[in-house]
Amino acid sequence: MKKDIFDFDYNELVNEFSKLGLEKYRVDQVLDWIFQKKVFNFDGMTNLSKENRTVLDERFSISIPSLLDMQVSNIDKTTKFLWRLEDGNTIESVLLFHPDRVTACISSQVGCPAKCVFCATGQSGFVRDLKAGEIVSQVVAMEAQRRVNIGNIVYMGMGEPLLNYEEVLKSIRILHNEKTKNMSMRRISVSTVGIPEKIIQLADDLPEVKLAISLHAPNNYKRDMIVPMNRKYSVEEIVYAAKEYQKRTKNRVTFEYILIREFNDSRDDAEKLADLLKGMGAYVNLIPVNPVDNVENLKLERPHYWAVDRFKEVLDKRNIENEIRKEKGTDIDAACGQLRRRNVK
Ligand code: SF4
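A short tour of the structure in this document, coming up. (Residues numbered from 1 in each chain as written. Predicted model: local features only at pLDDT ≥ 70, side-chain atom pairs only at ≥ 80, totals over all residues. Heavy atoms only, no water.)

1. Overview of the packing of helix α10 (residues 267-277) against helix α11 (residues 305-317)
Remark: α10 packs on α11, axes separated minimally by 9 Å, with the N-to-C direction vectors making an angle of 30 degrees. In terms of orientation, α10 and α11 fall into the roughly parallel class. Like other packed secondary-structure pairs, α10 and α11 cross with a definite hand, here right-handed. Where α10 abuts α11, its residues Arg267, Asp269, Ala270, Glu271, Leu273 and Ala274 lie against Arg310, Phe311, Val314 and Leu315. Across the contact of α10 with α11, the residue classes tally to 6 nonpolar, no polar and 4 charged. (Axes fitted to C-alpha atoms, helices over the stretch in contact; angles between N-to-C directions. Helix = DSSP H or I, 4+ residues; strand = E, 2+ residues; numbered from the N terminus. Parallel < 35°, antiparallel > 145°, perpendicular 65-115°, else oblique. Left-handed = near helix turned anticlockwise from the far one by under 90°. Contact = heavy atoms within 4.5 Å. Nonpolar A, V, L, I, M, F, W, Y, C, P; charged D, E, K, R; others polar.)

This is the structure in structure tokens:
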């Protein structure tokens, strides 16, 4: 069986090539064809001899996922991709266009075991972890499809990245390598519902990578209702881990907070959140909920605009830096898991 070239980091690839009698600079050439020129078959790599191309083709695949669906927003160019993997499973990735950069939001698992109630992916169940190569190839495939140079990467698509820790770490190291995507670690962000021991491990393993924590509620009672994983790791444990991460890395932590009408959007909720984060120098992203159909026992309605403003005012007064996240791709199925859910049903 052929091995997926995206699954190897640079040193592993040098080793693999040397077993075939190919020098290190051949690795550089192949990576240049794939990552810069977006050539995904060995036959098109014309600075390699025919013989070398045949040998490589016998041993390796270049597993770019196949595009099943793509939606492009007419409003802001946000582009959502639905990919089919080699084994037939499907995943999503999103490109977000900002004036000065393009951000890729990528998936780390097929489905997600975290089951957050406001998330279409969580509601669809968990299938499997992605391999490092399947994470890396999303970035390459999106660049090839839309002819862009991705400047930021967020692990915020389908899946809980810290539950697929080793493969996520490997994918970051691959994307960071100067012979591949050459992506600065500081432009990579991992978003988690909060696995305390992994947050601390990340601080030690990749201290330059940024961290975002999906908190969404200021206490365990409310958080238990929308983020079932909270029953395992409490709000206090997560905030403690975030402080420890900050101490070790000197990076500011971002907290994501989905605002749900009359559930977690009151003045009191904002005050409690401020109590929790005070003194941390944290950053809070306020996100009015994107309603998902078929959520049981919980009404997920978008908050009133004045409730969002009120929440923000409390945080401002308490010196917690924050912003109301500007929605992107509102005319397409831009929220995590929606495109897959529509196609897989
Ligand atoms: S929000 Fe993220 S962690 Fe929660 S179920 Fe969805 S994909 Fe998983």
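2. Some points on the nonpolar core
Ranked by size, the top nonpolar core spans 105 residues in total, and within it Phe118, Tyr155 and Phe255 carry the most contacts. A total of 7 residues in this core trace back to one element, the largest contributor, which is helix α5 (residues 132-146). Taken together, domain 1 (3-61) and domain 2 (66-344) each give at least three residues to this core, which thus spans both. Look past the residues within four positions of tyrosine 155 in its chain and what remains in contact with it is Ile106, Ile135, Pro161, Val168, Ser171, Ile172, Leu175, Ile188, Ser189, Val190 and Ser191. (Core = buried A, V, L, I, M, F, W, Y, C linked by side-chain atoms within 4.5 Å. Buried < 20%, exposed > 50% of the residue type's maximum accessible area, 1.4 Å probe, protein only. Domains from an automatic or database assignment.)

3. Here we look at the side chain of aspartate 269
Looking at the secondary structure, you find aspartate 269 in helix α10. Among the polar contacts made by the side chain of aspartate 269, one reaches the side chain of serine 266 at a distance of 2.9 Å. If near-sequence neighbours (up to four positions away) are discounted, aspartate 269 is found in contact with Pro218, Lys222, Tyr257, Phe263, Asn264 and Phe311. (Polar contact = N/O pair within 3.5 Å; in protein donor to acceptor, adjacent residues only side chain to side chain.)

4. Considering the packing of aromatic side chains
A complete count under the given rule lists 5 aromatic pairs for this structure. Judged by centre distance (5.7 Å) and plane angle (40 degrees), the rings of phenylalanine 17 and phenylalanine 60 are tilted. Of this pair, phenylalanine 17 sits in helix α1 (residues 10-19) while phenylalanine 60 sits in strand β2 (residues 60-61), placing them 43 residues apart in sequence. Of the two residues, phenylalanine 17 and phenylalanine 60, neither departs from the other in class, the shared state being buried. The structure contains a cluster of three or more aromatic residues connected by ring pairs, namely Phe8, Phe17 and Phe60. Above the plane of the ring of tyrosine 165 lies lysine 198, whose end atom (NZ or CZ) is 4.9 Å from the centre. The ring of phenylalanine 263 has lysine 222 lying over it, and the distance from NZ or CZ to the ring centre is 5.8 Å. (Phe/Tyr/Trp six-rings, centres within 6.5 Å; stacked < 30°, edge-to-face > 60°. Lys NZ or Arg CZ within 6 Å of the ring centre and 35° of its normal.)

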